Amino acid sequence: MTDRTHAVAVAGGTLHVGEWHPDAEGLPWLLVHGVTASHLAWSWVAVEAADVRLIAPDLRGRGRSADVSGPIGMAAHADDLAAVLDAAGIQRALVVGHSMGAFVSAVFADRHPDRTTAVVLVDGGLPLDLPAGMPPHEAVRHVLGPTAARLEMRFPDAASYRDFWRAHPAFVGREDPLLDAYFAYDLAGSEPELRPSTSLATVEGDSIDQNTGADIARALDRMPRPTVLLAAERGLQGEVPPLYVDLARVRADVPRLGEARRIPGADHYSIVMTREGAREVVAAARIVADTAD
(Lines give C-alpha, C1' and ligand atoms only; values in the text may rest on other atoms or scores of the structure.)
Protein backbone atom coordinates (compact mmCIF):
# COMPACT_ATOMS: atom_id res chain seq x y z
CA MET A 1 0.00 0.00 0.00
CA THR A 2 1.00 3.65 -0.28
CA ASP A 3 2.96 5.50 2.39
CA ARG A 4 0.30 8.18 2.65
CA THR A 5 -2.84 9.38 0.88
CA HIS A 6 -4.35 12.73 0.00
CA ALA A 7 -7.82 14.04 -0.77
CA VAL A 8 -7.59 16.58 -3.60
CA ALA A 9 -10.50 18.82 -4.54
CA VAL A 10 -11.32 18.90 -8.26
CA ALA A 11 -14.34 19.90 -10.31
CA GLY A 12 -17.13 17.54 -9.28
CA GLY A 13 -15.68 16.08 -6.12
CA THR A 14 -12.52 14.82 -4.46
CA LEU A 15 -9.74 12.70 -5.93
CA HIS A 16 -8.08 10.00 -3.86
CA VAL A 17 -4.31 10.22 -4.32
CA GLY A 18 -1.65 7.80 -3.15
CA GLU A 19 1.98 8.67 -2.46
CA TRP A 20 5.06 6.54 -1.98
CA HIS A 21 8.39 7.68 -0.52
CA PRO A 22 7.22 11.20 0.41
CA ASP A 23 10.60 12.16 1.87
CA ALA A 24 12.63 11.21 -1.20
CA GLU A 25 14.68 14.03 -2.68
CA GLY A 26 14.96 14.97 -6.33
CA LEU A 27 12.46 15.10 -9.15
CA PRO A 28 9.06 13.58 -8.25
CA TRP A 29 7.25 11.28 -10.65
CA LEU A 30 3.53 11.63 -11.39
CA LEU A 31 2.09 8.19 -12.23
CA VAL A 32 -1.12 7.91 -14.27
CA HIS A 33 -2.96 4.57 -14.40
CA GLY A 34 -5.03 2.90 -17.11
CA VAL A 35 -8.67 2.94 -18.09
CA THR A 36 -10.09 0.58 -15.43
CA ALA A 37 -7.18 0.61 -12.99
CA SER A 38 -6.29 2.55 -9.83
CA HIS A 39 -3.19 4.08 -8.30
CA LEU A 40 -2.24 0.65 -6.91
CA ALA A 41 -1.31 -0.46 -10.44
CA TRP A 42 1.96 1.36 -9.70
CA SER A 43 2.81 -0.71 -6.62
CA TRP A 44 5.51 -2.63 -8.47
CA VAL A 45 7.09 0.58 -9.77
CA ALA A 46 7.09 1.84 -6.17
CA VAL A 47 9.17 -1.16 -5.14
CA GLU A 48 11.69 -0.59 -7.94
CA ALA A 49 11.91 3.19 -7.45
CA ALA A 50 12.28 3.35 -3.68
CA ASP A 51 14.42 6.50 -3.91
CA VAL A 52 11.83 8.56 -5.82
CA ARG A 53 8.82 10.48 -4.55
CA LEU A 54 5.86 8.98 -6.41
CA ILE A 55 2.41 10.58 -6.66
CA ALA A 56 -0.42 8.51 -8.16
CA PRO A 57 -4.11 9.49 -8.20
CA ASP A 58 -7.15 7.35 -8.72
CA LEU A 59 -8.45 9.11 -11.83
CA ARG A 60 -11.98 10.48 -11.68
CA GLY A 61 -14.47 7.64 -12.09
CA ARG A 62 -12.06 4.98 -10.78
CA GLY A 63 -11.01 3.50 -7.45
CA ARG A 64 -11.77 5.76 -4.50
CA SER A 65 -12.40 8.62 -6.97
CA ALA A 66 -15.31 6.75 -8.56
CA ASP A 67 -17.90 9.19 -7.27
CA VAL A 68 -16.32 12.30 -8.81
CA SER A 69 -18.90 13.78 -11.16
CA GLY A 70 -18.63 16.26 -13.98
CA PRO A 71 -16.49 16.15 -17.13
CA ILE A 72 -14.58 13.14 -18.37
CA GLY A 73 -12.06 12.91 -21.17
CA MET A 74 -8.34 13.47 -21.50
CA ALA A 75 -8.40 17.23 -20.84
CA ALA A 76 -10.46 16.83 -17.65
CA HIS A 77 -8.05 14.20 -16.33
CA ALA A 78 -5.06 16.33 -17.30
CA ASP A 79 -6.37 19.32 -15.39
CA ASP A 80 -7.05 17.07 -12.41
CA LEU A 81 -3.37 16.11 -12.48
CA ALA A 82 -2.39 19.77 -12.23
CA ALA A 83 -4.58 20.03 -9.12
CA VAL A 84 -2.84 16.94 -7.69
CA LEU A 85 0.58 18.57 -8.14
CA ASP A 86 -0.69 21.80 -6.59
CA ALA A 87 -1.98 19.93 -3.53
CA ALA A 88 1.32 18.07 -3.17
CA GLY A 89 3.36 21.27 -3.45
CA ILE A 90 5.10 20.04 -6.61
CA GLN A 91 5.96 22.48 -9.38
CA ARG A 92 7.29 20.02 -11.97
CA ALA A 93 7.30 16.24 -12.31
CA LEU A 94 8.30 13.47 -14.63
CA VAL A 95 5.02 12.01 -15.91
CA VAL A 96 4.63 8.27 -16.49
CA GLY A 97 1.33 7.02 -17.93
CA HIS A 98 0.14 3.49 -18.68
CA SER A 99 -2.55 2.58 -21.22
CA MET A 100 -5.23 5.31 -21.13
CA GLY A 101 -3.08 7.07 -18.56
CA ALA A 102 -0.47 7.52 -21.28
CA PHE A 103 -3.00 9.48 -23.35
CA VAL A 104 -3.81 11.58 -20.28
CA SER A 105 -0.09 12.14 -19.72
CA ALA A 106 0.48 13.37 -23.28
CA VAL A 107 -2.43 15.80 -22.97
CA PHE A 108 -1.20 16.94 -19.55
CA ALA A 109 2.23 17.75 -20.98
CA ASP A 110 0.57 19.77 -23.74
CA ARG A 111 -1.82 21.67 -21.46
CA HIS A 112 0.68 22.10 -18.61
CA PRO A 113 4.18 22.02 -20.15
CA ASP A 114 5.58 24.12 -17.32
CA ARG A 115 4.62 21.36 -14.87
CA THR A 116 6.22 18.57 -16.93
CA THR A 117 9.90 17.70 -17.37
CA ALA A 118 9.36 14.69 -19.65
CA VAL A 119 6.85 11.94 -20.38
CA VAL A 120 7.10 8.14 -20.47
CA LEU A 121 4.22 6.52 -22.39
CA VAL A 122 3.77 2.87 -21.38
CA ASP A 123 1.83 0.84 -23.96
CA GLY A 124 -0.49 3.73 -24.70
CA GLY A 125 -0.67 7.40 -25.57
CA LEU A 126 -0.53 7.01 -29.35
CA PRO A 127 -3.44 6.28 -31.72
CA LEU A 128 -4.58 2.68 -31.94
CA ASP A 129 -5.67 0.96 -35.15
CA LEU A 130 -9.47 0.83 -34.88
CA PRO A 131 -11.61 -1.06 -37.43
CA ALA A 132 -12.65 1.23 -40.27
CA GLY A 133 -16.30 2.21 -40.23
CA MET A 134 -17.04 0.73 -36.81
CA PRO A 135 -19.15 3.04 -34.57
CA PRO A 136 -17.12 4.50 -31.70
CA HIS A 137 -18.91 2.57 -28.92
CA GLU A 138 -18.43 -0.72 -30.76
CA ALA A 139 -14.79 0.13 -31.48
CA VAL A 140 -14.16 0.70 -27.78
CA ARG A 141 -15.63 -2.68 -26.89
CA HIS A 142 -13.66 -4.27 -29.72
CA VAL A 143 -10.37 -2.99 -28.28
CA LEU A 144 -11.20 -3.60 -24.62
CA GLY A 145 -12.99 -6.91 -25.20
CA PRO A 146 -13.38 -8.89 -21.94
CA THR A 147 -12.25 -5.83 -19.98
CA ALA A 148 -15.48 -4.06 -20.90
CA ALA A 149 -17.59 -7.15 -20.16
CA ARG A 150 -16.06 -7.47 -16.68
CA LEU A 151 -17.39 -4.07 -15.65
CA GLU A 152 -20.94 -5.37 -15.91
CA MET A 153 -20.27 -8.48 -13.81
CA ARG A 154 -21.07 -8.95 -10.11
CA PHE A 155 -19.09 -11.01 -7.58
CA PRO A 156 -20.20 -12.53 -4.26
CA ASP A 157 -16.93 -11.74 -2.45
CA ALA A 158 -13.36 -10.55 -2.94
CA ALA A 159 -12.03 -14.10 -3.24
CA SER A 160 -14.25 -14.82 -6.24
CA TYR A 161 -13.04 -11.66 -7.93
CA ARG A 162 -9.43 -12.67 -7.37
CA ASP A 163 -10.23 -16.13 -8.76
CA PHE A 164 -11.73 -14.48 -11.83
CA TRP A 165 -8.44 -12.72 -12.49
CA ARG A 166 -6.40 -15.88 -11.88
CA ALA A 167 -7.82 -17.22 -15.15
CA HIS A 168 -6.72 -14.17 -17.11
CA PRO A 169 -3.74 -14.92 -19.40
CA ALA A 170 -1.78 -12.00 -17.93
CA PHE A 171 -2.16 -13.26 -14.35
CA VAL A 172 -2.53 -17.03 -14.57
CA GLY A 173 -0.19 -18.81 -12.16
CA ARG A 174 0.78 -15.61 -10.36
CA GLU A 175 0.47 -15.46 -6.59
CA ASP A 176 1.49 -12.00 -5.46
CA PRO A 177 0.25 -10.04 -2.43
CA LEU A 178 0.45 -6.84 -4.47
CA LEU A 179 -2.02 -8.36 -6.93
CA ASP A 180 -4.29 -9.41 -4.08
CA ALA A 181 -4.31 -5.85 -2.73
CA TYR A 182 -4.85 -4.36 -6.18
CA PHE A 183 -7.87 -6.51 -7.02
CA ALA A 184 -9.46 -6.16 -3.57
CA TYR A 185 -9.12 -2.38 -3.84
CA ASP A 186 -10.93 -2.41 -7.19
CA LEU A 187 -14.22 -3.64 -5.71
CA ALA A 188 -17.16 -1.44 -4.80
CA GLY A 189 -20.57 -2.21 -3.31
CA SER A 190 -21.46 -4.89 -0.80
CA GLU A 191 -21.46 -8.68 -0.76
CA PRO A 192 -22.89 -10.55 -2.59
CA GLU A 193 -23.14 -7.79 -5.22
CA LEU A 194 -19.57 -6.56 -5.42
CA ARG A 195 -18.62 -4.87 -8.68
CA PRO A 196 -15.60 -3.20 -10.26
CA SER A 197 -15.50 0.43 -9.17
CA THR A 198 -15.25 1.76 -12.74
CA SER A 199 -18.47 1.96 -14.77
CA LEU A 200 -18.69 0.93 -18.41
CA ALA A 201 -20.18 4.33 -19.29
CA THR A 202 -17.10 6.05 -17.85
CA VAL A 203 -14.76 3.78 -19.79
CA GLU A 204 -16.65 4.29 -23.03
CA GLY A 205 -16.73 8.06 -22.66
CA ASP A 206 -13.02 8.32 -21.90
CA SER A 207 -12.05 5.80 -24.56
CA ILE A 208 -14.00 7.57 -27.29
CA ASP A 209 -12.35 10.87 -26.36
CA GLN A 210 -8.98 9.13 -26.18
CA ASN A 211 -9.26 7.81 -29.73
CA THR A 212 -11.33 10.46 -31.52
CA GLY A 213 -10.99 13.68 -29.50
CA ALA A 214 -8.99 16.70 -30.59
CA ASP A 215 -6.93 16.96 -27.39
CA ILE A 216 -4.73 13.93 -27.97
CA ALA A 217 -4.16 14.77 -31.65
CA ARG A 218 -3.11 18.28 -30.70
CA ALA A 219 -0.84 17.01 -27.92
CA LEU A 220 0.95 14.55 -30.21
CA ASP A 221 1.38 17.17 -32.90
CA ARG A 222 2.96 19.68 -30.52
CA MET A 223 4.56 17.33 -27.95
CA PRO A 224 6.29 20.15 -26.04
CA ARG A 225 8.23 17.95 -23.62
CA PRO A 226 10.62 15.01 -24.31
CA THR A 227 8.51 11.87 -24.72
CA VAL A 228 9.35 8.18 -25.11
CA LEU A 229 7.21 5.09 -25.70
CA LEU A 230 7.65 1.67 -24.11
CA ALA A 231 5.54 -0.89 -25.98
CA ALA A 232 4.58 -4.37 -24.80
CA GLU A 233 5.24 -7.45 -26.90
CA ARG A 234 1.71 -8.79 -26.36
CA GLY A 235 -1.77 -7.36 -25.90
CA LEU A 236 -4.47 -7.21 -23.21
CA GLN A 237 -5.07 -10.96 -23.31
CA GLY A 238 -1.43 -11.90 -23.70
CA GLU A 239 -2.02 -12.16 -27.44
CA VAL A 240 0.01 -11.34 -30.52
CA PRO A 241 -0.23 -8.85 -32.17
CA PRO A 242 0.17 -6.26 -29.41
CA LEU A 243 -1.50 -2.85 -29.31
CA TYR A 244 1.41 -1.27 -31.19
CA VAL A 245 2.55 -3.57 -33.96
CA ASP A 246 4.89 -1.38 -36.00
CA LEU A 247 7.06 0.95 -33.92
CA ALA A 248 8.81 2.31 -37.01
CA ARG A 249 5.44 3.47 -38.32
CA VAL A 250 4.61 4.95 -34.93
CA ARG A 251 7.81 7.01 -35.07
CA ALA A 252 6.97 8.12 -38.61
CA ASP A 253 3.41 9.10 -37.67
CA VAL A 254 4.53 11.01 -34.56
CA PRO A 255 7.84 12.61 -35.57
CA ARG A 256 8.26 14.52 -32.30
CA LEU A 257 8.30 11.26 -30.33
CA GLY A 258 11.71 10.33 -29.00
CA GLU A 259 12.58 6.68 -28.46
CA ALA A 260 10.02 3.95 -29.13
CA ARG A 261 11.16 0.65 -27.66
CA ARG A 262 9.66 -2.82 -27.34
CA ILE A 263 9.79 -4.56 -23.94
CA PRO A 264 10.42 -8.27 -24.68
CA GLY A 265 8.14 -10.74 -22.93
CA ALA A 266 5.77 -8.09 -21.56
CA ASP A 267 2.04 -7.95 -22.11
CA HIS A 268 -0.19 -4.93 -21.59
CA TYR A 269 -0.51 -5.62 -17.85
CA SER A 270 2.85 -7.12 -16.91
CA ILE A 271 4.70 -4.15 -18.36
CA VAL A 272 3.83 -2.33 -15.13
CA MET A 273 2.32 -4.95 -12.81
CA THR A 274 5.35 -7.23 -12.39
CA ARG A 275 8.78 -6.59 -10.92
CA GLU A 276 10.36 -7.29 -14.32
CA GLY A 277 8.13 -4.89 -16.22
CA ALA A 278 8.35 -2.23 -13.53
CA ARG A 279 12.14 -2.49 -13.64
CA GLU A 280 12.08 -1.62 -17.35
CA VAL A 281 9.73 1.30 -16.78
CA VAL A 282 11.83 2.67 -13.94
CA ALA A 283 15.05 2.36 -15.93
CA ALA A 284 13.52 4.23 -18.86
CA ALA A 285 12.10 6.90 -16.56
CA ARG A 286 15.49 7.48 -14.93
CA ILE A 287 17.14 7.93 -18.33
CA VAL A 288 14.58 10.40 -19.65
CA ALA A 289 14.61 12.29 -16.35
CA ASP A 290 18.40 12.63 -16.55
CA THR A 291 18.34 13.87 -20.14
CA ALA A 292 15.40 16.31 -19.80
CA ASP A 293 16.14 19.93 -19.12
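Residues numbered from 1 in each chain as written. Predicted model: local features only at pLDDT ≥ 70, side-chain atom pairs only at ≥ 80, totals over all residues. Heavy atoms only, no water.

1. Quick word on the pattern of salt bridges
- Scanning all chains against the criterion turns up 19 salt bridges.
- For the salt bridge of Glu19 with Arg53, the shortest nitrogen-to-oxygen distance reads 2.5 Å. Here Glu19 is found in strand 2 (residues 13-20), whereas its partner Arg53 is found in the loop between helix 1 (43-48) and strand 4 (54-57), with 34 residues between them in sequence. The same class applies to Glu19 as to Arg53, namely buried.
- Glu175 serves as the salt-bridge partner of Arg166, at 2.9 Å between the closest nitrogen and oxygen.
- Given the relative accessible area of 27%, Arg166 is considered partly exposed.
- In this structure Glu175 comes out as exposed when scored by relative accessible area, which is 55%.
- Connected through salt bridges with shared partners, the residues Arg4, Glu19 and Arg53 form a single ionic network. (Salt bridge = Lys/Arg side-chain N within 4 Å of Asp/Glu carboxyl O. Helix = DSSP H or I, 4+ residues; strand = E, 2+ residues; numbered from the N terminus. Buried < 20%, exposed > 50% of the residue type's maximum accessible area, 1.4 Å probe, protein only.)

2. Description of the pairing of strand 6 (residues 116-122)
- By the criterion of burial, strand 6 is predominantly enclosed, with seven of the seven residues buried.
- Sheet analysis places strand 5 (residues 93-98) next to strand 6, joined by six bridges and oriented parallel. What sits directly across from Val95, in strand 6, is Val119.
- With helix 3 (residues 100-111) bridging strand 5 and the parallel strand 6, this β-α-β connection has right-handed handedness.
- Of the pairings in the sheet, the one linking strand 6 to strand 9 (residues 227-232) comprises four bridges and is parallel in character. Bridge pairing links Leu121 to Leu229 in strand 9. (Pairing = 2+ DSSP bridges. Right-handed = clockwise from strand over helix to strand, strands pointing away.)

3. Some details on the packing of aromatic side chains
- All told, the structure shown has twelve aromatic pairs when counted by the stated rule.
- Aromatic side chains Tyr161 and Phe164 sit 6.4 Å apart centroid to centroid with 0° between the ring planes, which places their arrangement in the stacked category. Of this pair, Tyr161 and Phe164 both sit in helix 6 (residues 158-166), separated by three residues, roughly a single helical turn.
- Centroid distance Tyr161 to Trp165: 6.4 Å. Interplanar angle 85°. Geometry classified as edge-to-face. Taken together, the positions of Tyr161 and Trp165, both in helix 6 and four residues apart, correspond to about one turn of that helix. (Phe/Tyr/Trp six-rings, centres within 6.5 Å; stacked < 30°, edge-to-face > 60°.)

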